Amino acid sequence: MDLHLKNKTVIVTGGARGIGKAIVELLTEEGARVAIVDKLTLPNKTLPDRNAKGYYFTADLGTAEACQQVVADIVAEFGQIDALVNNAGVNDKIGLEKGTPEQFIASINNNVGHYYFMTHYCLPHLKERRGTIVNIGSKTSVTGQGGSSGYVAAKGAILALTREWAIELLPYAMRVNAVIPAEVSTPLYESWLKGFSDPQEKLRQVSKKIPLEHRLTKPDEIANAVAFLISDRSSHTTGQWIFVDGGYTHLDRSIS
Ligand code: NAP
């Protein structure tokens, strides 16, 4: 299926690693021009890895000013924005007991602040192109996790904003959707596993409970859903939360 993404300009936040990197690789294979926004220190506008058409923009998305600047830099380079994938995030384990009010607010800012900032500053450009937005969420927003108040609150807000923006942007025929991973093998996931005394045993326990094939989701499988949702092949899909998780969040827990 041709996704009609050739020469479309797509911004992927957190695109240097993990899920974001898989999204960047797939979109460039589909012929899109991808702007990768990430903290990783690389010279601006260089090509990381095999991203033949991806361009790197260094930014820490922690402030509105940084987001405004990086959007301006991307528009100066590409002249248009057709889609925004809000993906950067970190499960920083700011909980009720292990955490402070200041850390909670910082976690919210780091996990959902830039979803708003980036969308706000991209909007005038997206409106010109009937652009699309995909927000990456987390199943923790509907299941809880324990010890992750900031991250989980932010991910809940991301689902709410997906619905909110889908409605606000109807007059411009713009679509907004969310893709929700659960357990995906990425650097973020590996560092989460390392927090357990026996990471391999924890991985085995989690995998056992994933109904479809008893394995983690691959980053490519998240990327496939994202590419479909930003493409015009999903032209009547908006405000949706798509779980790509091997059935982990919703299927009957008595199965093993
Ligand atoms: P990852 O492997 O840590 O990759 C995320 C990338 O985003 C990293 O390069 C990171 O840079 C960058 N980043 C984070 N915060 C940033 C900021 N403020 N400014 C600029 N760059 C920033 O994470 P991942 O597992 O691919 O996760 C991607 C998304 O999926 C996140 O929103 C996460 O919540 C969600 N998710 C993942 C899983 C999973 O199982 N992996 C499950 C549910 C949801 P640094 O490494 O330098 O911080």
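Analysis parameters
Residues numbered from 1 in each chain as written. Predicted model: local features only at pLDDT ≥ 70, side-chain atom pairs only at ≥ 80, totals over all residues. Heavy atoms only, no water. Domains from an automatic or database assignment. Contact = heavy atoms within 4.5 Å. Buried area = accessible area lost by both parts, 1.4 Å probe. Axes fitted to C-alpha atoms, helices over the stretch in contact; angles between N-to-C directions. Helix = DSSP H or I, 4+ residues; strand = E, 2+ residues; numbered from the N terminus. Parallel < 35°, antiparallel > 145°, perpendicular 65-115°, else oblique. Left-handed = near helix turned anticlockwise from the far one by under 90°. Nonpolar A, V, L, I, M, F, W, Y, C, P; charged D, E, K, R; others polar. Buried < 20%, exposed > 50% of the residue type's maximum accessible area, 1.4 Å probe, protein only.

Undergrad: What am I meant to see in the domain arrangement of the protein here?
TA: Think of interface size as the accessible area that goes away when the parts come together; that is how it is often given. Taken domain by domain, the protein consists of domain 1 (9-182 + 218-243) and domain 2 (185-216). Domain 1 puts eleven residues into the contact, and the matching count from domain 2 is seven residues. Contact between domain 1 and domain 2 buries roughly 690 Å² in total, counting both sides, with carbon and sulfur atoms accounting for 59%. Per-residue buried area on domain 1 facing domain 2 is highest for Lys93, Lys218 and Pro219; these three make up 40% of the total on that side.

Undergrad: Hey, could you run me through the packing of helix α1 (residues 18-29) against helix α8 (residues 219-230) in this one?
TA: For any two helices packed against each other, one specifies the inter-axial angle together with the distance between the axes. Here α1 crosses α8 at 55 degrees, and the two axes come no closer than 8 Å. Regarding the angle of α1 to α8, the classification is oblique. Crossing handedness for the pair α1 and α8: right-handed. The segment α1 lies against α8, with Gly18, Ile19, Ala22, Ile23, Leu26 and Leu27 engaging Pro219, Asp220, Ile222, Ala223, Asn224, Val226, Ala227 and Ile230. Partitioning the contact of α1 with α8 into residue classes produces eleven nonpolar, two polar and one charged.

Undergrad: Can you help me understand unusual backbone geometry in this one?
TA: Excluding glycine, most residues fall at negative phi; most peptide bonds, likewise, are trans. Unlike most non-glycine residues, Lys93 shows phi in positive territory, near 55 degrees. Within the fold, Lys93 resides in the loop between β4 (83-86) and α3 (101-128). Residues other than glycine seldom take positive phi values, yet His214 does so here, at roughly 50 degrees. As for its placement among the helices and strands, His214 is situated in the loop between α7 (199-208) and α8. Of the residues examined, His214 reaches a relative accessible area of 37% and is grouped as partly exposed.

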